[in-house]
Amino acid sequence: MEVVACEDAGITPIVPKPLTSGAKADGRFGKQDFIYQPETNTYRCPAGEQLIWRYTTVEHGLTLSRYWSSNCGTCAMKAKCTPSQQRRITRWKHEAVIEAMQRRLDEMPNAMRVRRSLVEHVFGTIKDWMGRAHFRTRRLANVATEMSLHVLAYNLKRAVAVLGTSALIAAMRG
């Protein structure tokens, strides 16, 4: 959802596509092994079969389409695909946005290294300041306020380190 909101706001997100299936861990084909074909609104499985659109539903506020083939029972690769009668693939209404984001990431192999150095360091530093403890407050509004104060303190400390105290005060005075 946040990725779509970023796209709508003109922000280009570059984060890895979430892998939510446990199939790969069990030694079976993962969703990424099934190729979506937008011109026919179908998926092609690793065995070459077409998984056709069956229905669309809304779950937890997400519009999801389900695809499967009726030929899974006779497939020689079924054991590498699914323990069920058919391998079912779920496609989110905004999956194309996620796929475009993954293509951007694939074209930028150093992007995650840059993210780690720019973003992860900040959160690690803040966690160190907090003593690696939990938030001291409860409820979302209070925790959001506590986190905002931590981020403000980090930004002020960083500005002092980069600009110096006198330049920062001069900049704040306008």
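Remember, it's a predicted structure, so these values are computed and weren't measured experimentally. (Residues numbered from 1 in each chain as written. Predicted model: local features only at pLDDT ≥ 70, side-chain atom pairs only at ≥ 80, totals over all residues. Heavy atoms only, no water.)

Trainee: Can you explain the packing of helix 3 (residues 111-129) against helix 4 (residues 140-163)? Please cite residues and give values.
Mentor: At their nearest, the axes of helix 3 and helix 4 sit 11 Å apart, and the two run at 110 degrees to each other. The pairing of helix 3 with helix 4 is recorded here as roughly perpendicular in orientation. On the side of helix 3, the interface is formed by His121, Val122, Phe123, Thr125, Ile126 and Trp129, while helix 4 contributes Met147, His150, Val151, Ala153, Tyr154 and Lys157. Grouping the amino acids of the contact of helix 3 with helix 4 by side-chain chemistry returns eight nonpolar, three polar and one charged. (Axes fitted to C-alpha atoms, helices over the stretch in contact; angles between N-to-C directions. Helix = DSSP H or I, 4+ residues; strand = E, 2+ residues; numbered from the N terminus. Parallel < 35°, antiparallel > 145°, perpendicular 65-115°, else oblique. Contact = heavy atoms within 4.5 Å. Nonpolar A, V, L, I, M, F, W, Y, C, P; charged D, E, K, R; others polar.)

Trainee: Just give me the short version of the packing of helix 4 against helix 5 (residues 165-173), but keep the residues and values in it.
Mentor: How two helices sit against one another is set out by the angle between their axes and by the gap between those axes. Between helix 4 and helix 5, whose axes approach to 7 Å, the crossing angle comes to 115 degrees. In this structure, helix 4 uses Leu156, Ala159, Val160 and Leu163 to contact helix 5, whose residues at the interface are Thr165, Ala167 and Leu168.

Trainee: Before we move on, can you summarise the environment of Arg115 with the specific residues and values?
Mentor: Looking at where Arg115 falls in the secondary structure, it is placed in helix 3. Distance from Arg115 to Val15, taken between C-alpha atoms, is 8.9 Å for residues 100 residues apart in sequence. Here Arg115 is in contact with Ile14, Val15 and Glu120, once residues within four sequence places are set aside.

Trainee: Go over the side chain of His150 with me, naming the residues and quoting the values.
Mentor: On the secondary structure map, His150 appears in helix 4. With relative accessibility at 18%, the residue His150 sits in the buried group. Leaving out residues up to four positions away in the same chain, His150 has contacts with Ile126, Trp129 and Met130. (Buried < 20%, exposed > 50% of the residue type's maximum accessible area, 1.4 Å probe, protein only.)

Trainee: I'd like a description of the sheet that holds strand 4 (residues 62-68), backed by residues and values.
Mentor: The sheet built from five strands is open, its strands ordered 1-2-3-4-5 with antiparallel pairing. Every interior strand has two partners, whereas the edge strands, strand 1 (35-37) and strand 5 (89-92), have only one. Strand after strand, the sheet turns through a mean of 35 degrees between neighbouring axes, direction not considered. In this structure, strand 2 (residues 42-44) lies alongside strand 3 (residues 50-59), joined through three bridges in antiparallel fashion. Across the sheet, the residue bridging to Arg44 is Gln50, located in strand 3. Across the sheet, helix 2 (residues 95-107) lies against strand 1 and strand 5, angled at about 90 degrees from strand 5, the strand it touches most. (Pairing = 2+ DSSP bridges.)

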